[in-house]
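Understanding the architecture of this molecule
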There are 8 protein chains.
Amino acid sequence: MRLTVYLAGEIHTSWRDEIKQQAKDLQLPVDFVGPMEDHDRSDNIGEEILGEQPDKIFKDAAASSLNNLRTEILMKKSDVVMALFGEQYKQWNTAMDASAAVAFGKPLILIRQENHHHPLKELSRKAHVTVESVDQAVLALKYIFE
Amino acid sequence: MRLTVYLAGEIHTSWRDEIKQQAKDLQLPVDFVGPMEDHDRSDNIGEEILGEQPDKIFKDAAASSLNNLRTEILMKKSDVVMALFGEQYKQWNTAMDASAAVAFGKPLILIRQENHHHPLKELSRKAHVTVESVDQAVLALKYIFE
Amino acid sequence: MRLTVYLAGEIHTSWRDEIKQQAKDLQLPVDFVGPMEDHDRSDNIGEEILGEQPDKIFKDAAASSLNNLRTEILMKKSDVVMALFGEQYKQWNTAMDASAAVAFGKPLILIRQENHHHPLKELSRKAHVTVESVDQAVLALKYIFE
Amino acid sequence: MRLTVYLAGEIHTSWRDEIKQQAKDLQLPVDFVGPMEDHDRSDNIGEEILGEQPDKIFKDAAASSLNNLRTEILMKKSDVVMALFGEQYKQWNTAMDASAAVAFGKPLILIRQENHHHPLKELSRKAHVTVESVDQAVLALKYIFE
Amino acid sequence: MRLTVYLAGEIHTSWRDEIKQQAKDLQLPVDFVGPMEDHDRSDNIGEEILGEQPDKIFKDAAASSLNNLRTEILMKKSDVVMALFGEQYKQWNTAMDASAAVAFGKPLILIRQENHHHPLKELSRKAHVTVESVDQAVLALKYIFE
Amino acid sequence: MRLTVYLAGEIHTSWRDEIKQQAKDLQLPVDFVGPMEDHDRSDNIGEEILGEQPDKIFKDAAASSLNNLRTEILMKKSDVVMALFGEQYKQWNTAMDASAAVAFGKPLILIRQENHHHPLKELSRKAHVTVESVDQAVLALKYIFE
Amino acid sequence: MRLTVYLAGEIHTSWRDEIKQQAKDLQLPVDFVGPMEDHDRSDNIGEEILGEQPDKIFKDAAASSLNNLRTEILMKKSDVVMALFGEQYKQWNTAMDASAAVAFGKPLILIRQENHHHPLKELSRKAHVTVESVDQAVLALKYIFE
Amino acid sequence: MRLTVYLAGEIHTSWRDEIKQQAKDLQLPVDFVGPMEDHDRSDNIGEEILGEQPDKIFKDAAASSLNNLRTEILMKKSDVVMALFGEQYKQWNTAMDASAAVAFGKPLILIRQENHHHPLKELSRKAHVTVESVDQAVLALKYIFE
């Protein structure tokens, strides 16, 4: 049995690589999917495909339509979702994806530093598991296969 | 036909009162529900009902279990959800509630200032309507009954 | 027992008034809902609420977000959908609403002239009943209450 | 990960071949399905299997029952739906299939010339992405795999 | 709390009247709905509304489209379904309605004589309760309100 | 807005009366439903309606078919489920009803003494709120209406 | 793409073998599943596994629990259901399986002789396709792969 | 066709090994999944991954979050659930898993000694099949493939 894991969250640090490497070292039978990690490409994909837009807001609307297409297709293919909240940025997309995962019946592993416990308390209660590091998240994943 | 509207979003300003007043002035047949707006009560409800908790994180976990209970019951009773993003705070709860609304098939009216268009671009695409003020949100509500 | 009926279809002729009048004459316990019937208002509602848009396409996008909001809320409140195809216009909205009704599990009464049988054959097979006039559609509605 | 793509839309031009060729050139791991593209066979399949029917309408009803069977089975196997609106014909089937895709939770890529933006504005808002050419549609598909 | 009860089954005997009378005597807060009980009207409704059909089969197809419309609307309004199998007729409609009730999550009370236990054994296992008389069925209904 | 509350759990003590009295004192707009509380009637209802059964197991099967009918109808009418685990009996029915509530999307308030925390730990995590007394359960209910 | 086809209907004639042979001759990529075709085994399976039962009715109840287990697992694995009504027997199981297929969203191909059109008219309207012979049913299946 | 079977129930005896051995001897094409069978690991997994917790209750809460994650992922991958009730322990988890299986539409095979028939009567009625031994459960599984 293989599982597909969607990795939701910010795309400015290398946390996905850490998770993938640890899962590989543990030989876990998992496939990882996730959002476009090239930040510029994620922002510009709307204009790249659809052409120049009238202003920044419409440029964003165009990009988001393609990012949402990508996320919905890949999340529906997933068995479990991991969502990481980092130190910076508003990360409303992460909250949106994590909540959508719960609503679609996809088990959610939430990764957040302890200092974020207060603003994430309601989302944390909705998650199946809340951990504080990617190491712990991988251990949770490993437990499923034991 | 009456509609029930869930007002998701921050509880530090009086935006809900504005919406309620405008809807009343327009005589719209709507009932409003939403989260606990007394911020201290929302934070302390866990310990008030369940007793003192070991530390701040467990206090938050206790409170969030009751806030989630409230939100889920009331949102399921709703026909449409309005979610407002303000200038301050992380507002991950707002993103969570807005995303849950979409996933549950509840039409979503997103209210956000123009300067937030970038971090909210994906959520905005998922919303039925994105507006920039409570006045516009009420006009959208009014349009349903015309 | 009262039923709510959504009347999907073109908004250039008075077919909705005929149905409402006949239902009233027969004293059927039904409430009718439907799209905005003021054509200009339906086209302009986006700019009226959200302000001027960059061009015609974005004006349409803004209007359609509000029209979709309205349709989705009202159709979800309905027990049965009637969709009329007239002689003119592309009427892709009517096909879209009729198909959405079927997919949402709302029984569909399709009204179309005989000369439209070929392009509507697949949709007709998905409908519960296909009739050729509003008079017949009202008789179908009446049969439910006998 | 392979994806199955349902290609809804008119069957009089070779747009499906273009998409298939481009996807092949890009080595995208996708399988394409769609309606019967032999127009005569699509129209006559009812009588071919069930025998002669009383008149044209019943011939259409017989054919559509088989076309709907085919579409429903294949669309349920799909991960994403592309729907193309061309210049000619009523194309109510295309609108019906596109709307059914949305209602079934299948992400929709809508392909339409700019001059069709007005009659398709509501459907366009329901689509995940609206593009103006098959080239753009293939780029959207490619983005999912990047 | 009032409950709506759909009474599926043959329309040649007065079993529905017995149930209604007993429920009335017991002052149970229930509303009964069901199929058209006028047998001729049920058979002819297609031609009455849609006009003469080419032959008996098409006459049946027309009638059944209206009977299905009626059944689906009324069954969706119901909280529980009672299905009675009598001594005569094929009663495939009754089996169809009973099975649809189970699949739609509507609790099913099956009424059948003991001599029918063998051909109905699988349907009986799917029912919530199987009884042998309308008297017993009413007692089951009464138990819900105690 | 009124809410319907299903009270799952053992029927040997008067905990339901306590909850009802407290809710009445607080003037909460709630209606309570629940299982047959007359223990003998619950055990004998199968034979009372269906007649004598071959042995105890079949007597139980007959009774449970009617109890399940009752529970399913009433739970589907509910907005929230409270499940109390007491000191005695196996209470597998309570676990079954609580789990069904969660699976049906009904928010669950779990009431259990602290000494039961270990065997109920997984169910507790699935509940929206876990409390230790009926007093606390009523406060949770009251919080929804504040 | 392979499809799994559930063959519902009577188990006294060899119609399933005919369908399987024709599908094999046409090299259709389909797998067939269906009910236990050994009639005695189907009737006795309850007592064979669970031991002797008190009487015929309980023997039937035991057998049907295993037959329903089998049918539900296999039908859920299927992409399309074919249901054949023959000349003899009550065939309420066939009507039950066909109706469950429709309710579960499985496309249904109904096979019945013309002389059965009247008692099957409502079920026929719910089917995607109604044919009169296994030959026609196989042609319908073949059409999906063209 | 292979089936995945979730084995719910107590983890103190070797009943799962018996089932696996018998299925292997019969060469049934099944894969078995289930909860963590190392009792200490199941109890301690929360602290092992998340670190020391304030007290026993919070230790349990942490462990259960990981056990629920595991169960939900594996049960969703399953085609059928077997739940065994043994002689000892409260086994509320087993009742919870069995009930969740039914609610998720997973066919349930219930295994319980005859002396447990009374407290399990309602759950037994919800199961597809109730047997008294693992041998019988394997025979039920075997019947699906005949």
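None of the values given here were measured: they were computed from a predicted structure. (Residues numbered from 1 in each chain as written. Chains lettered and ligands numbered in written order. Predicted model: local features only at pLDDT ≥ 70, side-chain atom pairs only at ≥ 80, totals over all residues. Heavy atoms only, no water.)

Description of the arrangement of the chains
Under the convention used in this document: The contact criterion used throughout is that any non-hydrogen atoms of two residues lie within 4.5 Å.
Of all C-alpha pairs spanning chain A and chain E, none lies closer than 20 Å, and the two are not in contact. Across all C-alpha pairs, the smallest distance from chain D to chain H is 18 Å, and the two are not in contact.

Focus: the sheet that holds strand β5 (residues 129-131) of chain B
Within a sheet, neighbouring strands are paired by backbone hydrogen bonds and run either parallel or antiparallel to one another. All names here are of chain B. Basically, it comes down to this: Pairs of strands are assigned from DSSP output, requiring at least two bridges between the strands. A helix here means a DSSP run of H or I that spans at least four residues, while a strand means a run of E at least two residues long, and both kinds are numbered starting from the N terminus. To obtain an axis, a line is fitted to C-alpha atoms, over the contacting stretch when the element is a helix, and the angle between two such axes runs from 0 to 180 degrees between their N-to-C directions.
If you trace the five strands from one edge of the open sheet to the other, you get β2-β1-β3-β4-β5, paired in parallel fashion. Since the sheet does not close on itself, it has two edges, and those belong to β2 (30-33) and β5, each with one partner. Strand-to-strand twist across the sheet, computed as the mean angle between neighbouring axes with direction ignored, equals 20°. In terms of strand pairing, strand β3 (residues 80-85) meets strand β4 (residues 108-112) through five bridges, oriented parallel. Across the sheet, the residue bridging to F85 is R112, located in β4. Contacts from helix α1 (residues 15-25) reach β1 (3-9), β2, β3 and β4, with the element oriented near 155° to β1.

Observations concerning the confidence of the model for chain A
Using the following cut-off: Looking at any residue, its pLDDT shows the predictor's confidence there, from 0 to 100.
In the predicted model, chain A carries a mean pLDDT of 94, and 100% of its residues have values of at least 70. Reported for the predicted complex are a pTM of 0.93 and an ipTM of 0.91.

Description of the interface of chain D and chain C
We apply this condition: Summed over both partners, the accessible area lost on bringing two parts together, with a 1.4 Å probe, is the buried area. Salt bridge criterion: a side-chain nitrogen from Lys or Arg within 4 Å of a carboxyl oxygen from Asp or Glu. Polar contact is defined as a pair of N or O atoms within 3.5 Å, subject to the rule that within protein one atom must be able to donate a hydrogen and the other to accept it, and that residues adjacent in sequence are counted only when both atoms are side-chain atoms.
Chain D puts 33 residues into the contact, and the matching count from chain C is 33 residues. Here chain D packs against chain C, burying approximately 3,300 Å² in sum over the two surfaces, 62% of which is carbon and sulfur. Three residues stand out in chain D for area buried against chain C, namely W92(D), M96(D) and E122(D), and they jointly supply 23% of the buried area on that side. In this structure, the connection of chain D to chain C is made through two salt bridges. A salt bridge links D43(C) to K121(D), with the shortest nitrogen-to-oxygen separation between them at 3.5 Å. Joining chain D to chain C, the criterion identifies 21 residue pairs in polar contact (both at pLDDT 80 or more). For the side of chain D that touches chain C, the secondary structure elements donating two or more residues are α3 (56-76), α4 (92-103) and α5 (121-126) of chain D. In terms of residues, the side of chain D that touches chain C owes the most to one element, α3(D), which gives nine residues.

Here we look at the pairing of strand β1 (residues 3-9) of chain F
Residues and elements named next belong to chain F. For clarity, the cut-off: For every residue, the accessible area obtained with a 1.4 Å probe (protein chains only) is divided by the maximum for its type, and the residue is called buried under 20%, exposed over 50%, and partly exposed between those limits. Assignment of crossover handedness uses the view with strands pointing away from the viewer, where a clockwise path from the first strand over the helix to the second indicates a right-handed crossover.
Across the seven residues of β1, seven count as buried, placing the element largely inside the fold. Burial along β1 is two-sided: the face carrying L3, V5, L7 and G9 and the face carrying T4, Y6 and A8 are both buried. Bridging between β1 and strand β2 (residues 30-33) involves four bridges; their strand directions are parallel. Bridging from a neighbouring strand, L3 pairs with V30 of β2. Each parallel crossover has a hand, and the one from β1 via helix α1 (residues 15-25) to β2 is right-handed. Relative to strand β3 (residues 80-85), β1 runs parallel, the two being bridged by five bridges. Directly across from A8, in β3, lies its bridge partner A83.

Regarding the packing of aromatic side chains
Cut-off, in case you're wondering: Note on aromatic pairs: the rings of Phe, Tyr and Trp (six-membered ring only in Trp) are paired at centre separations within 6.5 Å, and the planes decide the class, stacked below 30 degrees, edge-to-face beyond 60, tilted for the rest. Only when the NZ atom of a Lys or the CZ atom of an Arg is both within 6 Å of the ring centre and within 35 degrees of the ring normal do we say a charge sits over the ring.
With the rule as written, the count across this model stands at twelve aromatic pairs over all chains. Aromatic pair F85(A) and W92(B): ring centres 4.6 Å apart, planes at 55°, arrangement tilted. Of this pair, F85(A) sits in strand β3 (residues 80-85) while W92(B) sits in helix α4 (residues 92-103), placing the two residues on different chains. Residue classification places F85(A) among the buried residues on the basis of a relative accessible area of 2%. Just above the ring of Y143(C) sits the side chain of R70(E); from NZ or CZ to the centre is 5.6 Å.

Here we look at the relation of the copies chain D and chain C
Note the cut-off: C-alpha atoms of residues with pLDDT of at least 70 in both copies form the basis for the least-squares superposition of the copies.
Turning chain D through 180° and shifting it by 0.0 Å along the axis lays it on chain C, with an RMSD of 0.0 Å. Expressed as an axis order, the relation between the two copies is that of a two-fold axis. A share of 100% of the interface residues of chain D reappears at the interface of chain C, consistent with the copies meeting face to face through the same patch.

Some details on the environment of I45(F)
Looking at the element boundaries, I45(F) is found in helix α2 (residues 39-50). For I45(F), a relative accessible area of 0% puts it in the buried group. I45(F) sits 66 residues away from I111(F) along the chain, and the two C-alpha atoms are 28 Å apart. When neighbours within four sequence positions are excluded, I45(F) is seen to be in contact with Y143(E), A63(F), L66(F) and N67(F).

Details of the packing of helix α6 (residues 134-145) of chain C against helix α2 (residues 39-50) of chain E
Note the threshold: Any angle between 65 and 115 degrees counts as roughly perpendicular, while under 35 counts as roughly parallel, over 145 as roughly antiparallel, and the rest as oblique. Left-handed describes a crossing whose near helix is turned anticlockwise from the far helix through less than a right angle; right-handed describes the clockwise counterpart. Think of it as three bins: nonpolar holds Ala, Val, Leu, Ile, Met, Phe, Trp, Tyr, Cys and Pro, charged holds Asp, Glu, Lys and Arg, and polar takes everything else, Gly as well.
Orientation of α6(C) relative to α2(E), taken along the N-to-C sense of each, is 160°, at an axis distance of 9 Å. As the angle between them shows, α6(C) and α2(E) are arranged roughly antiparallel. Crossing geometry of α6(C) relative to α2(E) is assigned as right-handed. Of α2(E), the residues touching α6(C) (which contributes Q136(C), L139(C), A140(C), K142(C) and Y143(C)) are R41(E), S42(E), I45(E), I49(E) and L50(E). Of the residues contributing to the contact of α6(C) with α2(E), the split by class is six nonpolar, two polar and two charged.

Considering the pairing of strand β3 (residues 80-85) of chain H
Residue and element names in this part refer to chain H. Of all the six residues making up β3, six are buried; the element is thus mostly covered by neighbouring parts of the structure. Burial along β3 is two-sided: the residues V80, M82 and L84 and V81, A83 and F85 are all buried. At this point the chain moves from β3, through helix α4 (residues 92-103), to the parallel strand β4 (residues 108-112), and the crossover so formed is right-handed.

Concerning the pattern of salt bridges
Here the idea is simple: oppositely charged side chains can pair when their charged atoms come close. For the structure on display, the rule yields 72 salt bridges over all chains. Where E146(G) meets K142(G), a salt bridge forms, and the shortest distance between an N and an O atom there is 3.1 Å. Classification of E146(G) as partly exposed rests on a relative accessible area of 33%. Each of the salt bridges in this network shares a partner with another, and the network as a whole consists of R41(A), E48(A), K142(D) and E146(D).

Regarding the packing of helix α6 (residues 134-145) of chain A against helix α3 (residues 56-76) of chain H
The geometry of α6(A) relative to α3(H) is characterised by a closest axis approach of 9 Å and an angle of 55° between their N-to-C directions. Here α6(A) lies oblique to α3(H), going by the angle between them. Crossing of α6(A) over α3(H) shows right-handed handedness. Counting all contacts with α6(A), which are made through A140(A), Y143(A) and I144(A), the residues of α3(H) involved are L66(H), N67(H), L69(H), R70(H), I73(H) and L74(H).

Thoughts on the sheet that holds strand β5 (residues 129-131) of chain E
All names here are of chain E. Pairing within the open sheet is parallel, and its five strands lie in the order β2-β1-β3-β4-β5. Sheet topology places β2 (30-33) and β5 at the edges, where each strand pairs with a single neighbour. Taken over all neighbouring pairs, the strand axes of this sheet differ in orientation by 20° on average, direction set aside.

Considerations on unusual backbone geometry
One non-glycine residue with positive phi stands out, namely Q27(C), at about 55°. Structurally, Q27(C) can be placed in the loop between α1 (15-25) and β2 (30-33). The backbone of Q91(F) shows a phi angle near 60°, a positive value even though the residue is not glycine. Here Q91(F) shows up in the loop between β3 and α4 (92-103).

Some thoughts on helix α2 (residues 39-50) of chain B
Our working definition: The directions considered for the arc run from the helix axis to the C-beta atoms.
Turning to α2(B), its buried residues number three or more, namely S42(B), D43(B), I45(B), G46(B) and I49(B). Along the axis of α2(B), the buried residues cluster in a sector spanning 155°; they form a single face. At its buried positions, α2(B) is contacted by α5 (121-126) of chain A, α3 (56-76) of chain B together with α6 (134-145) of chain F. A side-chain oxygen of the first residue of α2(B) lies 3.2 Å from the backbone nitrogen of D40(B); this N-cap is D38(B). The first or second residue beyond α2(B) is G51(B), which carries a positive phi of 90°.

Some points on the side chain of S42(H)
Relative to the assigned elements, S42(H) resides in helix α2 (residues 39-50). Apart from the residues within four sequence positions on either side, S42(H) is in contact with Y143(A), M36(H), A63(H) and N67(H).

Description of the environment of I57(F)
Examined against the element boundaries, I57(F) turns out to sit in helix α3 (residues 56-76). Apart from residues no more than four positions distant in its own chain, I57(F) is found in contact with R112(H), E114(H) and H117(H).

Here we look at the side chain of Q136(G)
By the element assignment, Q136(G) lies in helix α6 (residues 134-145). Side-chain polar atoms of Q136(G) contact the backbone nitrogen of E132(G), separated by 2.7 Å. Contacts of Q136(G), omitting those with residues within four sequence positions, involve I49(D), L50(D) and V131(G).

As for the environment of G105(H)
Assignment of secondary structure puts G105(H) in the loop between α4 and β4. Assessed through its relative accessible area of 25%, G105(H) is described here as partly exposed. Look past the residues within four positions of G105(H) in its chain and what remains in contact with it is E72(G) and K76(G).

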